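Coordinate inspection notes
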Amino acid sequence: PEFYVPSAFSPNNDGRNDRFEFVAAGFSKIEMFKVYNRYGQLIYSSNDPRRGWDGRFKGTDQPPGAYVWMIKGTDLNGVSHSKKGTVMLVR
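Residues numbered from 1 in each chain as written. Predicted model: local features only at pLDDT ≥ 70, side-chain atom pairs only at ≥ 80, totals over all residues. Heavy atoms only, no water.

Some words on the pairing of strand 9 (residues 80-89)
Bridge count between strand 2 (residues 8-9) and strand 9: two bridges; the pairing is parallel. Residue pairing in the sheet places F9 in a bridge with L89 of strand 9. Two elements, strand 8 (residues 65-75) and strand 9, share 10 bridges in a ladder whose sense is antiparallel. Bridged to M70 within strand 9 is K84. (Pairing = 2+ DSSP bridges. Helix = DSSP H or I, 4+ residues; strand = E, 2+ residues; numbered from the N terminus.)

Below you can see the structure in the form of structure tokens.
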């Protein structure tokens with residue numbers, strides 16, 4: 001099992017990379033996917049891998065820069081895995 005998470009995305013409504021989405025290969029359940037701003041404020045949370053973050057918080061476009069993400073899921077054998085990293089929001 002592996003989480004594939006991009007290192008950057010550009011929510012500019014051009015139809016390409018407009019949402020920060022991940023691929024969870026070999027997982028039966030996603031427990032959490034969270035994104036934090038540079039102040040440690042939670043600005044996105046979901047357990048649905050199809051949604052993805054659109055670069056907004058409470059309807060407001062977030063500024064370009066680095067954001068921290070964390071993901072946790074259960075693989076097909078019932079083993080829990082987690083991963084964290086950063087993503088660049090490009091405008």
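That was the structure; now back to the text.
Brief notes about the nonpolar core
Among the nonpolar cores identified, the biggest contains 17 residues, and F20, F33, V35, W53, Y67 and W69 are the most heavily contacted of them. Every element with two or more residues in this core is listed here: strand 4 (27-36), strand 5 (42-46), strand 8 and strand 9. W69 has contacts with V5, F20, F33, K34, V35, K83, K84, G85, T86 and V87, leaving out every residue within four places of it along the chain. (Core = buried A, V, L, I, M, F, W, Y, C linked by side-chain atoms within 4.5 Å. Buried < 20%, exposed > 50% of the residue type's maximum accessible area, 1.4 Å probe, protein only. Contact = heavy atoms within 4.5 Å.)

Structural notes on the side chain of D75
Looking at where D75 falls in the secondary structure, it is placed in strand 8. The side chain of D75 is buried and forms no salt bridge, while K29, the nearest opposite charge, is found at 13 Å. Here the side chain of D75 touches N77 through a polar contact of 2.8 Å, landing on its backbone nitrogen. In terms of polar contacts, D75 uses its side chain to reach the side chain of H81, at 2.9 Å. Once residues lying within four places of it in the same chain are set aside, the contact partners of D75 are P1, G26, F27, S28 and H81. (Lys, Arg positive; Asp, Glu negative; His and termini not counted. Salt bridge = Lys/Arg side-chain N within 4 Å of Asp/Glu carboxyl O. Polar contact = N/O pair within 3.5 Å; in protein donor to acceptor, adjacent residues only side chain to side chain.)

So, the pattern of salt bridges
As enumerated under the stated definition, the model contains five salt bridges in all. Put simply, K83 and E2 hold a salt bridge, and the shortest N to O gap is 3.0 Å. Of the two residues, K83 sits in strand 9 while E2 sits in strand 1 (residues 2-4), which places them 81 residues apart along the sequence. Looking at E2, the relative accessible area reads 32%, which means it is partly exposed. Where R91 meets D61, a salt bridge forms, and the shortest distance between an N and an O atom there is 3.9 Å. Note that R91 is positioned in the segment after strand 9 and D61 in strand 7 (residues 60-61), a separation of 30 residues in sequence. Connected through salt bridges with shared partners, the residues R56, D61 and R91 form a single ionic network.

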